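Observations on the model geometry
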Amino acid sequence: MARSAIISGGGIGGLATAAALAQRGWDVTVYERQSELRAAGSGIYIWENGLRVLEALGAYEEATDGAFHGTHFEQRDNRDQIIESAPIASDKRLLTVLRSRLLGSLKSACERAGVKVVTNAETIGATAGGELLLANGQTVRADLAVGVDGIWSRVRQSLGLELLHEQTREGALRTMIASRPGDFAAQDVGKYIENWNGTRRLLVTPVNATQIYLALTCLQDDEARNLPLNRQLWIDAFPRWAHLIERIGDTLSWGVYSVTRSRAWSAGRTAIVGDAAHAQPPNLGQGGGMAMQNGLAMAVALEQAQDPRDIPAALQAWEAAERPLVEHCQRWSILYGEVTCLPDAVRSQVIRSAMGDEWVAGQVFKAANSSPTGTVAPRH
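Everything in this summary refers to the structure shown in the same document. (Residues numbered from 1 in each chain as written. Predicted model: local features only at pLDDT ≥ 70, side-chain atom pairs only at ≥ 80, totals over all residues. Heavy atoms only, no water.)

Across its full length, the chain carries 12 helices and 19 strands. On the chain, roughly 15900 Å² of surface is accessible, and the fraction owed to carbon and sulfur atoms is 49%. (Helix = DSSP H or I, 4+ residues; strand = E, 2+ residues; numbered from the N terminus. Areas by Shrake-Rupley, 256 points an atom, 1.4 Å probe, with all protein chains shown as cover.)

Dropping the structure here:
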């Protein structure tokens with residue numbers, strides 16, 4: 001008889017976890033509070049580690065079809081001068097895709113593996129006995145329950161796993177705009193470009209041949225975060241990109257960055273994955289990658305747990321193996337954001353010195369360059 005799993009949350013991490021379990025013979029049901037599976041946000045960075053997870057799940061081709069495959073990640077100062085322009089090695093890929101396309105690829109992988117999805121099903125709690133408590137009064141049970149229900153995770157809270165949940169001083173407005181010929185100068189083609197000016201940042205990222213992802217980052221108390229958007233404030237800060245900023249429509253949402261830390265990633269036969277367990281600022285582009293990576297790793301760790309009584313020990317072993325890298329990534333993502341409040345000239349000096357140091361660069365990209373459990377090295 002197939003082992004059963006129930007998952008709270010039909011986002012990127014939830015569907016990756018569901019696909020990984022179902023591909024290993026589990027009978028999986030995903031409970032999603034929205035009326036349909038849909039991705040919040042605009043574009044998303046997927047580094048080498050996340051791409052290898054997508055390959056392992058059979059979702060790579062659909063997720064990356066037409067995606068932007070950059071050659072450099074570049075940072076610029078308040079005078080539009082290059083601080084650092086780091087080439088991306090061919091064996092350390094970085095692609096940017098639409099979140100909706102990534103979610104769709106994982107949904108397809110779930111469908112092929114027989115995952116069932118129940119929508120309009122909000123989780124309000126969980127127990128250590130593999131149970132999810134739903135808002136409609138229903139309790140659903142399985143051999144394994146998993147909360148992939150985001151930064152405000154009710155699964156984490158109800159199991160008493162939360163050590164910390166705090167919001168940072170920074171947040172971002174994110175949007176997509178249509179690209180046009182001539183948007184990028186010849187020397188800018190093929191680059192992901194992060195622009196700094198004071199405590200404001202503008203991330204300019206193509207995601208395919210026709211769309212550009214913009215992330216406008218600032219402090220919570222900055223008037224530049226207000227909606228409707230004051231485009232002139234951002235144009236004054238980043239005049240080089242005025243032609244893109246002017247194109248921003250009204251479909252913007254403000255989101256503050258969050259950090260969550262958990263006492264443990266499981267209690268009994270119930271686990272938490274992704275932002276529910278270890279949310280981090282998006283400075284290293286690893287939120288989605290870490291969620292997918294840990295969902296796959298958990299499924300691999302549970303392969304030998306044929307008896308439900310073996311699940312708690314398998315979950316503890318999974319956490320012991322994966323948590324050090326996750327916490328490393330979280331620390332360095334937070335540290336990266338600390339340069340926001342430095343004076344422009346000092347920040348440029350710090351970034352240039354840090355990223356030019358081989359050891360520091362190794363720490364920053366440790367997660368991106370890791371070998372996720374359950375994956376194999378790609379062939380080039």
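Turning to the sheet that holds strand β2 (residues 27–31), a few remarks are in order. The six strands are arranged β8-β2-β1-β12-β19-β18 in an open sheet whose pairing can be described as mixed. Unpaired on one side and paired on the other, β8 (116–118) and β18 (266–267) mark the two borders of the sheet. In this sheet, β2 lies alongside strand β1 (residues 4–8) in parallel orientation, the contact comprising five bridges. Within the sheet, the bridge partner assigned to S8 lies in β2 and is Y31. Along the sheet, helix α10 (residues 311–337) contacts β12 (144–147), β18 and β19 (270–272); its crossing angle with β19, the most-contacted strand, is approximately 20°. (Pairing = 2+ DSSP bridges. Contact = heavy atoms within 4.5 Å. Axes fitted to C-alpha atoms, helices over the stretch in contact; angles between N-to-C directions.)

It is worth spelling out the packing of helix α1 (residues 12–22) against helix α4 (residues 99–113) at this point. Close contact between α1 and α4 brings their axes to 9 Å; oriented N to C, the two are set at 25°. Taken together, the axes of α1 and α4 lie roughly parallel to each other. The handedness of the crossing between α1 and α4 comes out as left-handed. Note on element contacts: α4 touches α1 through R99, L102, L103, L106, K107, A109, C110 and A113, opposite I12, L15, A16, A18, A19 and A22. Grouping the amino acids of the contact of α1 with α4 by side-chain chemistry returns 12 nonpolar, no polar and two charged. (Parallel < 35°, antiparallel > 145°, perpendicular 65-115°, else oblique. Left-handed = near helix turned anticlockwise from the far one by under 90°. Nonpolar A, V, L, I, M, F, W, Y, C, P; charged D, E, K, R; others polar.)

Taking strand neighbours across the sheet as the criterion, the three strands line up as β3-β7-β4 in an open arrangement whose pairing is antiparallel. Only two strands of the sheet have a single neighbouring strand rather than two, namely β3 (43–47) and β4 (68–69). With five bridges connecting them, β3 and strand β7 (residues 94–98) associate as antiparallel partners. Looking at the pairing, I46 lines up with L95 of β7.

In this section: the pairing of β12. A two-sided burial pattern is seen for β12, the buried positions comprising L144 and V146 on one face and A145 and G147 on the other. When β12 meets β19, the two strands line up parallel, connected through three bridges. Bridge pairing links V146 to A271 in β19. (Buried < 20%, exposed > 50% of the residue type's maximum accessible area, 1.4 Å probe, protein only.)

With that settled, consider the nonpolar core. Core analysis: the biggest nonpolar cluster contains 94 residues, and L21, V28, L54, L102, L106, L144 and L302 have the highest contact counts within it. Every residue in contact with L21, bar those within four places of it in the chain, is listed here: A5, I7, W26, V28, L144, A299 and L302. Membership of the second largest hydrophobic core comes to 23 residues, among which are V204, C218, A242 and L252. (Core = buried A, V, L, I, M, F, W, Y, C linked by side-chain atoms within 4.5 Å.)

What follows covers the packing of α1 against helix α9 (residues 287–301). With their axes 8 Å apart at the nearest point, α1 and α9 run at an angle of 25° to one another. With respect to α9, the element α1 is oriented roughly parallel. Where α1 crosses over α9, the two elements pack in a sense that is right-handed. Of the residues in α9, those touching α1 at I12, G13, A16, T17, A20 and L21 are A291, M292, G295, L296, M298 and A299. Grouping the constituent residues of the contact of α1 with α9 by class yields nine nonpolar, three polar and no charged.

Another point: the layout of surface pockets. Considering only enclosed or pocket space, the second largest pocket measures out at about 240 Å³ in volume. Lining of the second largest pocket is provided by 15 residues; of these, T168, R169, E170, G337 and E338 occupy positions nearest its centre. Counting residues per element, the ones that place at least two in the lining of the second largest pocket are β13 (162–178), β17 (253–262) and α10. At four residues, the largest contribution of residues to the lining of the second largest pocket is made by β13. (1 Å grid on protein atoms, 1.4 Å probe; cavity = no way out; pocket = protein on both sides within 12 Å on 5 of 7 lines; lining within 4 Å. Points joined across faces, edges and corners; volume = space filled by probe spheres on them.)

We now examine empty space enclosed by the protein. Here the structure, examined in full by the defined rule, presents two cavities of 30 Å³ or more. Here the largest cavity defines a volume of roughly 50 Å³. Surrounding the largest cavity, T260, R261, S262, W265, A277, H278, R323, V326, E327 and Q330 form its lining. Among the elements of the structure, β17, α8 (275–278) and α10 are those that each provide at least two residues to the lining of the largest cavity. Residue composition of the lining of the largest cavity, grouped by class: three nonpolar, four polar and three charged. By volume, the second largest cavity is sized at about 30 Å³. What lines the second largest cavity is D65, G66, A67, V97, L98, R101, V207 and N208. Among the residues making up the lining of the second largest cavity, the classes are represented as four nonpolar, two polar and two charged.

Evaluated as defined, the whole model comprises 22 salt bridges. The partner of E319 in a salt bridge is R323, with the nearest N and O atoms 2.7 Å apart. You can see E319 and its partner R323 sitting in helix α10, four residues apart, about one turn around the helix. For R323, a relative accessible area of 14% translates into the label buried. A single network of salt bridges, built from pairs that share partners, joins E74, R76, D80, D188, K191 and R240. (Salt bridge = Lys/Arg side-chain N within 4 Å of Asp/Glu carboxyl O.)

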